[in-house]
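Structural characterization, general
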Amino acid sequence: MTTGATMPDAGAAAVGGDPARERLRRWRMVLGGDQADGTGCALSGRDAAMDGTLAALYGKGDKPQPDRDRAAGLGASAPSVARWLGDIRTYFPSSVVQVMQRDAIDRLGLAALLLEPEMLEAVEADVHLVGTLLSLNKAMPETTKETARAVVRKVVEDLEKRLAGRTRATLTGALDRSARVSRPRHHDIDWNRTVAANLKHYLPEYRTVVPERLIGYGRAARSVKKEVVLCIDQSGSMAASVVYASVFGAVLATMRSISTRLVVFDTAVVDLTDQLDDPVDVLFGTQLGGGTDINRALAYCQSQITRPAETVVVLISDLYEGGIRDEMLKRVAAMKASGVQFVALLALSDEGAPAYDREHAAALGALGAPAFACTPDLFPEVMAAAIEKRPLPIPDTA
């Protein structure tokens, strides 16, 4: 079936190709048909059906007020919502469907309906839906959990396909570069760095450089080269970050040269490292919501470090600390002083930085651990820089 992406052509045909009427039609769809929209344009057929699906969600006003009747609604029954979900998937592309689903959950309080298997089968799965399902995990009946796991697994597998190859390639290169040797075998010579280091030995008469010192990559060793600790805040606002971090943790765990530990926390600390072979198990081992004790989480991570100079600790948190602030900062300073590469991410998602504690972010920056939001596409580069002990590629918008 056609989607919202092809709707304008169909609409133009419906009004006989009249540009003025097509403009009115578009404005009518945007303005929603209240008396003040001023278009005087009536809708029919597909346009009317599409307008109905939008009105059911957005209706009048921007947001329902807690002490008033809702301005929009999808009806009280699950079948009504399921039909609406089917309609929006018919009329709009997947990216728009996902936005409308999130708005429906936020505006109309539909999260509880996701506890029904029939509803889960009708929704468009994405990272935000996974976050919602994880927050409902404890309230989810057994009859729904199997369907919920299938939805989560589909999203996780899609993310792994998108992120795994580039992550492994980027970090493998970083690990090799971090193990440079001065007497490399011929196939291991890094010619660009070797030439740059020996330019003073250029012989004009032969138009060549005679290298006195060879620089090369160390051969990939079977032993573990780096330790990575992912320390993830599982408070409610970090849902998307938890999903992405779990996927990245599972990818890193497949690399022989990296020993990966994954720790989640609120006011308690849970080590999920033994579940890294299946990121779905990791996600269902989290418990979104609750308080935050970063200091306690970092204390646990610090206790697991045996090779500080070869360890990267990645804290993913909005930095709203409910524990002991000064102790948290002392702990970060101690880890950095011991040689640990410490990375502080305010978010690991496509949405940018959430609300976060700016005072704590500034304090970490003063310790040489700038806190910034990181997209999933940038994360491999951030990890590569940390492994090579070079400046992090901090986005300009951080």
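Residues numbered from 1 in each chain as written. Predicted model: local features only at pLDDT ≥ 70, side-chain atom pairs only at ≥ 80, totals over all residues. Heavy atoms only, no water.

1. So, the overall build of the protein chain
How we decide: Segments assigned H or I by DSSP are reported as helices when at least four residues long, segments assigned E as strands when at least two residues long, and all are numbered from the N terminus. Relative accessibility decides the category of a residue: with a 1.4 Å probe and only protein chains considered, values under 20% of the type maximum give buried, values over 50% give exposed, and everything between is partly exposed. Every residue pair with non-hydrogen atoms within 4.5 Å of one another is taken to be in contact. Only the protein chains shown count as cover for residues, and the accessible areas themselves come from Shrake-Rupley with a 1.4 Å probe.
For the protein chain, the helix and strand inventory stands at 15 helices and eight strands. Looking at the protein chain as a whole, 46% of its 398 residues qualify as buried. Residue pairs in contact within the protein chain that sit at least 24 positions apart in sequence constitute 72% of those at least 6 positions apart. Accessible surface, the protein chain: about 19800 Å² in total, of which carbon and sulfur atoms supply 51%.

2. Some thoughts on the layout of surface pockets
How we decide: A cavity here means a set of 1 Å grid points, computed over protein atoms only, where a 1.4 Å probe fits but cannot escape. A pocket is an open set with protein on both sides within 12 Å along at least 5 of 7 lines, and lining residues have an atom within 4 Å of a point. Grid points are joined across faces, edges and corners, and a volume is the space filled by probe spheres set on the points.
The computed volume of the largest pocket comes to approximately 420 Å³. Around the largest pocket sit 21 residues that line it, and His128, Gly236, Ser237, Ala239 and Ala240 are the ones nearest its centre. For the lining of the largest pocket, the secondary structure elements donating two or more residues are α5 (94-108), α7 (127-135) and α10 (239-253). Here the lining of the largest pocket takes five residues from α7, the largest share from any one element.

3. A few points about a nonpolar patch on the surface
Which entries qualify depends on this criterion: To count toward a patch, a residue needs a relative accessible area over 30% and no salt bridge; like charges are then connected within 9 Å, while nonpolar side chains (Val, Leu, Ile, Met, Phe, Trp, Tyr) are connected within 5 Å. Here, a salt bridge means any side-chain nitrogen of Lys or Arg that lies within 4 Å of a carboxyl oxygen of Asp or Glu.
Taken together, Trp27, Val30 and Leu31 make up a surface patch of nonpolar side chains, about 340 Å² in accessible area. Looking at the secondary structure, you find Leu31 in helix α2 (residues 19-31). Exposure remark for Leu31: the relative accessible area of 40% places this residue in the partly exposed category.

4. Describing the sheet that holds strand β5 (residues 269-271)
We apply this condition: Only strands that DSSP links by at least two bridges are regarded as paired with each other. Angles run from 0 to 180 degrees between N-to-C directions of axes, and those axes are lines fitted to C-alpha atoms, restricted for helices to the stretch in contact.
Spatially, six strands are ordered β5-β4-β3-β6-β7-β8 in an open sheet, and the strand pairing comes out mixed. Edge positions in the sheet fall to β5 and β8 (371-374), since each of these pairs with one other strand and no more. Taking the axes of each pair of neighbouring strands and ignoring which way they run, one obtains an average angle of 25° across the sheet. As defined by bridge partners, strand β7 (residues 341-348) adjoins β8 across four bridges and the pair is classed as parallel. Paired with Leu345 across the two strands is Phe372, which belongs to β8. Packed onto the sheet, helix α12 (residues 294-303) meets β3 (226-233), β4 (258-265), β5, β6 (311-316) and β7 and runs at close to 155° relative to β4.

5. Here's the deal with unusual backbone geometry
One non-glycine residue, Arg207, lies in the positive phi region at around 50°. Note on placement: Arg207 falls in the loop between β1 (202-203) and β2 (208-209). We note that Leu319 has phi near 70°; this positive angle belongs to a residue other than glycine. Tracing the backbone through its elements, the reader meets Leu319 in the loop between β6 and α13 (325-337).

6. Section: the nonpolar core
What counts, and what does not: We define the nonpolar core as a collection of buried residues of types Ala, Val, Leu, Ile, Met, Phe, Trp, Tyr and Cys that are connected through side-chain atoms lying within 4.5 Å of one another.
Of all hydrophobic cores here, the largest spans 62 residues; its most connected members are Leu133, Val314 and Phe379. The element contributing the most residues to this core is helix α8 (residues 142-177), with 10 residues. Not counting the four nearest positions on each side in its chain, Leu133 is found in contact with Leu114, Leu120, Met140, Ala148, Val151 and Val152.

7. Brief notes about the side chain of Thr147
Residue placement: Thr147 occurs in helix α8. Judged by its relative accessible area of 17%, Thr147 falls in the buried class. Beyond its immediate sequence surroundings of up to four residues, Thr147 is in contact with Pro117, Leu120 and Glu121.

8. Structural notes on the pairing of β8
This is how the line gets drawn: Here, the term right-handed applies to a crossover whose path from the first strand over the helix to the second runs clockwise when the strands point away from the viewer.
What you see with β8 is no split at all: Ala371 and Ala373 on one side and Phe372 and Cys374 on the other are buried throughout. The handedness of the β7 to β8 crossover, carried by helix α14 (residues 358-366), is right-handed.

9. Concerning the side chain of Thr260
When you line up the elements, Thr260 lands in strand β4. Among the residues examined, Thr260 registers a relative accessible area of 10% and is labelled buried. Dropping the residues within four chain positions of it, Thr260 is found in contact with Val228, Gly249, Leu252, Ala253, Thr273 and Leu276.

10. Focus on the packing of aromatic side chains
Two numbers describe a pair of aromatic rings. These are the distance of the centres and the angle of the planes. Test applied: Classification of ring pairs rests on two measures: the distance between centres of Phe, Tyr or Trp rings, Trp counted by its six-membered ring, which must be within 6.5 Å, and the angle between planes, read as stacked under 30 degrees, edge-to-face over 60 and tilted in between.
Following the criterion strictly, the structure yields one aromatic pair and no others. Ring centres of Phe248 and Phe379 lie 4.5 Å apart, and the angle between their planes is 45°; on these two criteria the pair is classed as tilted. Of this pair, Phe248 sits in helix α10 while Phe379 sits in helix α15 (residues 379-388), and the two are 131 residues apart along the sequence. In terms of burial, Phe248 and Phe379 fall into one category: buried.

11. Some thoughts on the packing of α12 against α13
The cut-off we apply is this: Throughout, the term roughly parallel applies to angles under 35 degrees, roughly antiparallel to angles over 145, roughly perpendicular to angles from 65 to 115, and oblique to all others. Crossing handedness is defined as follows: a turn of the near helix away from the far one that is anticlockwise and smaller than a right angle gives a left-handed crossing, while the clockwise case is right-handed. Under this grouping Gly is polar, as are all residues other than the nonpolar Ala, Val, Leu, Ile, Met, Phe, Trp, Tyr, Cys and Pro and the charged Asp, Glu, Lys and Arg.
Where α12 meets α13, the closest approach of the two axes is 9 Å, and the angle between their N-to-C directions is 25°. As the angle between them shows, α12 and α13 are arranged roughly parallel. At the point where α12 passes α13, the crossing takes the left-handed sense. For the pair formed by α12 and α13, the contact residues are Ile294, Asn295, Leu298, Ala299 and Gln302 on the first element and Glu327, Met328, Arg331, Val332, Ala334 and Met335 on the second. The residue inventory of the contact of α12 with α13, partitioned by class, reads seven nonpolar, two polar and two charged.

12. Details of the pairing of β4
A large share of β4 lies buried, amounting to six of its eight residues. Pairing of β3 with β4 involves eight bridges; the strand directions are parallel. The partner of Asp233 across the bridge, within β4, is Phe265. Remark: the β3/α10/β4 crossover connection has right-handed handedness. Where β4 meets β5, three bridges bridge the pair, whose relative direction is antiparallel. For Val263, the partnering residue across the bridge sits in β5 and is Asp271. The antiparallel pairing of β4 with β5 creates a hairpin that spans three residues between the two strands.

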